[in-house]
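As a plain string of letters, each chain reads:
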Amino acid sequence: MGEPVEYWLVKIPTFVTKQFEGATPGEVLARLEVEAPASSAPPRMKLRVERRPQDASIPLEYNVNRRNNATPMMAFSETASGEARTYRMHGPITVTADVQPPMGQQYWHLVGQ
């Protein structure tokens, strides 16, 4: 077997995910950056959008807030071949987090679309 894999479940605002429609499989859309803390504080995390959004008003950087995993969850994938569908279980979700957009007038404009 290969290296151990951690699966993350990250909630991303709808106005951001709409910008990723039409992406090709395997395309890097964004990167999660984790800054190691200088003390015992939790690490700071940011999501940086790599793929240029269709809407130029979409921010390219977001804070990511890690949550405690209270509910056990598993990561699955679905593959379709003609009429047949295959579901594969990959492993447990080890981290859950929420992407927080920068608040302000620009944010309220985006969610009001």
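Bear in mind that the values here come from a model prediction, so they are computed numbers and not experimental data.

## A few points about the nonpolar core
Counting residues in hydrophobic clusters, the biggest one holds 11 residues: Phe15, Val16, Phe20, Met45, Leu47, Val49, Ile58, Tyr62, Val64, Ala97 and Val99. Among the secondary structure elements, those contributing two or more residues to this core are α1 (14-17), β3 (44-49), β4 (61-67) and β6 (84-100). It is β3 that contributes the most residues to this core, 3 residues altogether.

## Regarding the pattern of salt bridges
Taken as a whole and judged by the stated rule, the model has 7 salt bridges. The partner of Arg48 in a salt bridge is Glu33, with the nearest N and O atoms 2.4 Å apart. Of this pair, Arg48 sits in strand β3 while Glu33 sits in strand β2 (residues 30-35), and the two are 15 residues apart along the sequence. Residue Arg48 is classed as partly exposed on the basis of its relative accessible area of 26%. Judged by its relative accessible area of 31%, Glu33 falls in the partly exposed class. The salt bridge partner of Glu78 is Arg85, with a shortest N-O separation of 3.4 Å. Given a relative accessible area of 46%, Glu78 falls into the partly exposed group. Connected via shared salt-bridge partners are Glu33, Lys46, Arg48 and Glu61.

Procedures and definitions
Residues numbered from 1 in each chain as written. Predicted model: local features only at pLDDT ≥ 70, side-chain atom pairs only at ≥ 80, totals over all residues. Heavy atoms only, no water. Core = buried A, V, L, I, M, F, W, Y, C linked by side-chain atoms within 4.5 Å. Buried < 20%, exposed > 50% of the residue type's maximum accessible area, 1.4 Å probe, protein only. Helix = DSSP H or I, 4+ residues; strand = E, 2+ residues; numbered from the N terminus. Salt bridge = Lys/Arg side-chain N within 4 Å of Asp/Glu carboxyl O.

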